[in-house]
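# Geometric and topological summary
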Amino acid sequence: MIISSTSDYRAAAQKRLPPFLFHYIDGGAYAEQTLRRNVEDMAAVALRQRVLKDMSRLDTSIELFGEKLSIPVALSPVGLTGMYRRRGEVQAARAADAHGIPFTMSTVSVCPIEEVAPRIKRPMWFQLYVLKDRGFMQNALERAQAAGCSTLVFTVDMPVPGARYRDAHSGMSGPNAAMRRYWQSVTHPAWSMDVGLLGRPHDLGNISAYRGSPTGLADYIGWLGANFDPSISWKDLEWIRAFWKGPMVIKGILDPEDAKDAVRFGADGIIVSNHGGRQLDGVLSSARALPAIADAVKGQIKILADSGIRNGLDVVRAIALGADCAMIGRAFIYALAAAGEAGVKHLLELLEKEMRVAMTLTSVSKVADITGDLLVREA
Ligand SMILES: Cc1cc2nc3c(=O)[nH]c(=O)nc-3n(C[C@H](O)[C@H](O)[C@H](O)COP(=O)(O)O)c2cc1C
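So, a few notes on the structure that sits alongside this text. (Residues numbered from 1 in each chain as written. Predicted model: local features only at pLDDT ≥ 70, side-chain atom pairs only at ≥ 80, totals over all residues. Heavy atoms only, no water.)

### Quick look at the packing of aromatic side chains
If you walk through the whole model with that rule in mind, you get nine aromatic pairs. Here the basic side chain of arginine 181 rests over the ring of phenylalanine 20, its NZ or CZ set 5.7 Å away from the ring centre. Positioned over the ring face of tyrosine 24 is arginine 278, at 4.8 Å from the centre of the ring. (Phe/Tyr/Trp six-rings, centres within 6.5 Å; stacked < 30°, edge-to-face > 60°. Lys NZ or Arg CZ within 6 Å of the ring centre and 35° of its normal.)

Okay, structure coming up:
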C-alpha cells in the first residue's frame, strides 16, 4: 500500500485495527456534523498565492513556552494510545521527539508518565482531565512535575462524555461488548499479536499507578461517565494554577468570551478545540471559531488549535486564521496504528514538506509572517 497522506494512513489503520478501536478513533458525537465540518471548513480556507519572492530560505520553527519547535505543531493528547499500537504512547512520543515537537500525554493513557518520560529527550506535555477524585489530580500533577513535564494541558470540554453512536455499534460499549471485542481481536491477528499479546498491561497506567491496583479497560466508557466531574468551574482551577510551576494551557475553548476568561484567569495558552467533534455536535468548527477568538485575545495569550488539521497546508491555514501553533489528533493516531513510531515520524515529515510548499507558494519565509493577510477575503 502506498502511503503519502493522512487519508492513506487512515485506510491502513482501518485494515489493521479491530473495528471497535478504529471507530473509537475515527468517530465523533451524535450525527458527526462538527467532525465533518472541522475537516471541510479547514480545507475550504483559501490562501493567496504569491510568487517570485525568493523563497529559497524557509524557517518553519517557532518558540513556544520557552521551547523550540521545529514546526508549529504539537501532538494532541489521545486517550488509550497504547491500545492502537504496542505501548503506543512511547512510540508516538519518540517520533515527536525525533522531529523536535512536543508529545502530550493524556490522563487516560495506557502507559504511565514514568514509562514515557525517560524515553525521550525533550520534556513532554501532560494533559489533565477534571476527575471527581481530586486526590488523583494532585497525584498526577506531582508525578508529571517529578517526571519533568513542562506544560500542563487542562482539558475543560469534557465535564461529561459526549454521546458517540459509533461506539455502541462497534463494540466499544453497548450490549455484548466484551464478546464482540474478543471476536474482532481474533479476526485481526497482526493487532492481536502486537497489542493484545505483547502490549500488556492494558490499563489506564496513570490511574492504576495512583490506586495501586489495575484499572483494566473492560468498561472504559462507563468509567469515564462515572469519574468525570460536571461541577467544574474556573474557581476549581485556582489550586491547579498555584500548584503547577510551568505553563498552563486550557484545552477546549470555542468562544471568545471563554478565551477572555482564560486571559483573566492567568492561563498561558488556550487550545481552540471541539475535541475533534467528539463532544457537542453542531458546535463551530475550529476553523470558524478561530478568527473571532484571535480578534479577542491574540497577543495576550498563546493560541493553539486542533480539530480538523490533517496536513501541513492545514497547519498554515490554522495559523493564518489566528493560531500560534497547531495540534494534531487523529492524523498522528492513524499513522501510529498503521505503522508505529516510523509511521508517526513519516507523517511529521509529510506535514513539514507540505508546510514548506504552502509557505513557498504564499511567499512567507517564517512562521511569524503567516497572518490573516494570507487569507483570500471574499468580497
Ligand atoms: C481517540 C481519541 C481520544 C482522545 N482522547 C483525548 C484525551 O484523552 N484528552 C483530551 O484532552 N483530548 C482527547 N482527544 C481529543 C484530541 O486531543 C484532539 O482535541 C482532537 O483529536 C483534535 O481533532 P483531530 O482529531 O481532528 O485532529 C481524543 C481524540 C481522539 C480522536
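Read on, since the account is not over.
### Quick look at the packing of helix α13 (residues 256-265) against helix α14 (residues 286-297)
Two numbers describe how α13 lies on α14: the axes approach to 9 Å, and their chain directions differ by 35°. Our pair here, α13 against α14, has a crossing hand that is right-handed. Mapping the contact onto sequence places Pro256, Ala259, Lys260 and Val263 in α13 and Ala292, Ile293, Ala296 and Val297 in α14. Of the residues that constitute the contact of α13 with α14, the class distribution is seven nonpolar, no polar and one charged. (Axes fitted to C-alpha atoms, helices over the stretch in contact; angles between N-to-C directions. Helix = DSSP H or I, 4+ residues; strand = E, 2+ residues; numbered from the N terminus. Left-handed = near helix turned anticlockwise from the far one by under 90°. Contact = heavy atoms within 4.5 Å. Nonpolar A, V, L, I, M, F, W, Y, C, P; charged D, E, K, R; others polar.)

### Side note on the nonpolar core
Grouped together as the largest cluster of nonpolar side chains are 125 residues, with contacts concentrated most on Leu80, Tyr84, Ile270 and Ile328. The greatest single-element share of this core, amounting to 15 residues, is contributed by helix α16 (residues 330-362). (Core = buried A, V, L, I, M, F, W, Y, C linked by side-chain atoms within 4.5 Å. Buried < 20%, exposed > 50% of the residue type's maximum accessible area, 1.4 Å probe, protein only.)

### Regarding the side chain of glutamate 67
Relative to the helices and strands, glutamate 67 is located in strand β2 (residues 67-69). Among the polar contacts listed, one links the side chain of glutamate 67 to the side chain of arginine 122, at a separation of 3.5 Å. Looking at glutamate 67, its side chain comes within polar contact range of the side chain of tryptophan 125, at 3.4 Å. Setting aside residues up to four positions removed in sequence, glutamate 67 forms contacts with Ile62, Pro102, Arg122, Pro123, Trp125, Ser150 and Thr151. (Polar contact = N/O pair within 3.5 Å; in protein donor to acceptor, adjacent residues only side chain to side chain.)

### Considering unusual backbone geometry
Residues arginine 200 and proline 201 are joined by a peptide bond in cis, for which omega reads 0°. The residue glutamate 32 is not glycine, and still its phi comes out positive at about 60°. With respect to the helices, strands and loops of the structure, glutamate 32 is situated in the loop between α2 (19-26) and α3 (33-43).

### So, the environment of valine 249
For valine 249, the location among the structural elements is in strand β7 (residues 248-253). With a relative accessible area of 0%, valine 249 lands in the buried category. Expressed as a C-alpha distance, the spacing of valine 249 and methionine 158, which sit 91 residues apart in the sequence, is 15 Å. For valine 249, the contacting residues outside a window of four places in its chain are Phe65, Thr151, Leu152, Val153, Phe154, Gly269, Ile270, Ile271 and Leu304.

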